[in-house]
Amino acid sequence: MKVLKPVLTAMLVAMLAACSEEPASEAGGAGADSPTEWRFALEEIQGSVQDAYAQKFAELVEAKTDGAIRVTVYPYGALGTSAQLTELVQQGALEFAFASPGHLGSVVPEVQVFSLHFLLSDSNAVNKQVLGESPILYGPLAEAYREKGLKLLTIIPEGWMVWTANRPLTTPDDFRGLKIRTMVSPLLVASYQAYGADPTPMPYSEVYSGLQLGMIDAQVNPIFAIEEMSFYEVQKAMTMARHSQFVASVVASQRFYESLTTEEQVMLDEVKRELDDYIFEVQTQYNAERLERIRQNSDIEIVELNDEQRAAFAELARPVRDRYRAAAGERGAQILEGLVEEIRQSEAALGQQQAAGAE
Ligand code: 6CS
């Protein structure tokens, strides 16, 4: 398989070049006779949160450039796995892609900060603000992306991660020996080992059959994904611990980004800001609607952990932060401390605003 991977990526590069009339990695927007094509690849299927983001991105870019740039969206499966999409973007063979931290950790170790449990706020409003505007994320973390040929455009929340298994998982004891599928980040694996589980990384596309065939016992994803990937059909219980958010980053090829005009780069900044609000609403709506759909279409047991139950997991999750510091080095430690402080400040500021509103 090690020999096959570069061959597969090379085939994808050739396929993309053949699909495109424009040379890859060239901007050349306004003024061209026929529209320039930008390609945007997803780690999720049509109808997902990432699809909603990319469709709106396409609409905004096309409107803001009066049709001089057209965006083609490739759903999950069209161009490869998450790791392959990242490679294509690094090589400049693909302009834009989603890159989830759960898959990106081996390329950008610092991004594994999002694999840590009980780090983000319990408040979705705080998480939205911090992920959208954080100086530490769009400073040192973006620099870590840049060093790997990736321009970090945005980081978005896609909803709380939910555990599914054949029984509710209410205490760390319930995880003992549990084969839970995770994304490939070593810190995710460490997070579940801390609960006593036997974490099993595998690609997203193999999770349904893995559950069905009993190769894995459990998995973890946001509600919209549990519904659209039909995981709930092959599991008996969903446990909501609000231990982490599914967070995704959108990246562009650094080489391609640097070839853009200043106007085009400014336009991408505007699109990012407009999409922050849009996608927050979309993911809230998708997760709520699909929970209803799961309830209607199955008799899966749905359990929400109380604060005391969550605290037992949080205590075991805490030492994993040292593993993160060891893996992500000095800059990683700076990102972790900075993020914790930004969350604290945002919680305080939003808390004050709410208190003022209630007076
Ligand atoms: O679990 C995964 O691998 C995937 N889950 C989601 C919700 N999006 C993309 C990611 O690859």
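Above: the structure in question.
Conventions used here
- Residues numbered from 1 in each chain as written.
- Predicted model: local features only at pLDDT ≥ 70, side-chain atom pairs only at ≥ 80, totals over all residues.
- Heavy atoms only, no water.
- Near = heavy atom within 4 Å.
- Polar contact = N/O pair within 3.5 Å; in protein donor to acceptor, adjacent residues only side chain to side chain.
- Nonpolar A, V, L, I, M, F, W, Y, C, P; charged D, E, K, R; others polar.
- Core = buried A, V, L, I, M, F, W, Y, C linked by side-chain atoms within 4.5 Å.
- Buried < 20%, exposed > 50% of the residue type's maximum accessible area, 1.4 Å probe, protein only.
- Contact = heavy atoms within 4.5 Å.
- Helix = DSSP H or I, 4+ residues; strand = E, 2+ residues; numbered from the N terminus.
- Lys, Arg positive; Asp, Glu negative; His and termini not counted.
- Salt bridge = Lys/Arg side-chain N within 4 Å of Asp/Glu carboxyl O.
- Pairing = 2+ DSSP bridges.
- Axes fitted to C-alpha atoms, helices over the stretch in contact; angles between N-to-C directions.
- Parallel < 35°, antiparallel > 145°, perpendicular 65-115°, else oblique.
- Left-handed = near helix turned anticlockwise from the far one by under 90°.

### Section: the site of the ligand
Okay, step 1: Around the ligand lies a shell formed by E43, E44, S82, H103, R181, M183, Y204, N221, P222, A225 and F246.
Okay, step 2: In this structure, H103 approaches the ligand through a side-chain N or O atom, which is 3.0 Å from an oxygen atom.
Okay, step 3: A per-class count over the shell around the ligand returns 5 nonpolar, 3 polar and 3 charged.

### Regarding the nonpolar core
The nonpolar side chains of soluble globular proteins are, as a tendency, buried together.
Okay, step 1: In this structure, W38, F40, F57, W163 and F175 are the most contacted members of the largest nonpolar core, which totals 72 residues.
Okay, step 2: With sequence-adjacent residues up to four places away left out, F40 is seen in contact with Y53, A54, F57, V71, T72, V73, Y74, F96, A97, F98 and V250.
Okay, step 3: The next biggest cluster of nonpolar side chains, apart from the first, holds 42 residues, and it includes L85, L116, L119 and L339.

### Let's talk about unusual backbone geometry
Okay, step 1: One non-glycine residue, D66, lies in positive phi territory at about 50 degrees.
Okay, step 2: Along the polypeptide, D66 turns up in the loop between α2 (49–64) and β2 (69–74).
Okay, step 3: Judged by its relative accessible area of 74%, D66 is exposed.
Okay, step 4: With phi around 55 degrees, F118 is a residue other than glycine that occupies positive phi space.
Okay, step 5: If you trace the backbone, F118 turns up in the loop between α4 (101–104) and α5 (124–133).

### Quick look at the side chain of D51
Okay, step 1: Its place among the elements puts D51 in helix α2.
Okay, step 2: The side chain of D51 sits in the buried core without any salt bridge; R290 is the nearest counter-charge, 8.1 Å away.
Okay, step 3: Residues in contact with D51, not counting those within four places in the same chain, are L42, I45, Q46 and V73.

### Remarks on the pairing of strand β7 (residues 218–222)
Okay, step 1: Of all 5 residues making up β7, 5 are buried, and the element is well covered by its neighbours.
Okay, step 2: Burial along β7 is two-sided: the residues A218, V220 and P222 and Q219 and N221 are all buried.
Okay, step 3: In this sheet, β7 lies alongside strand β4 (residues 150–165) in antiparallel orientation, the contact comprising 4 bridges. Bridge pairing links T164 to Q219 in β7.
Okay, step 4: With 2 bridges joining them, strand β5 (residues 180–182) and β7 adopt parallel strand pairing. Looking across to β7, one finds that R181 is bridged to Q219.

### Observations concerning the packing of α5 against helix α11 (residues 262–297)
Okay, step 1: For the pair α5 and α11, interaxial distance at closest approach is 11 Å and the crossing angle is 160 degrees. What the angle tells us is that α5 and α11 run roughly antiparallel. Viewed along their axes, α5 and α11 form a crossing whose handedness is right-handed. In contact with N124, K128 and G132 of α5, α11 contributes K272, D276, D277 and F280.
Okay, step 2: When the residues that make up the contact of α5 with α11 are grouped by side-chain class, the tally is 1 nonpolar, 2 polar and 4 charged.

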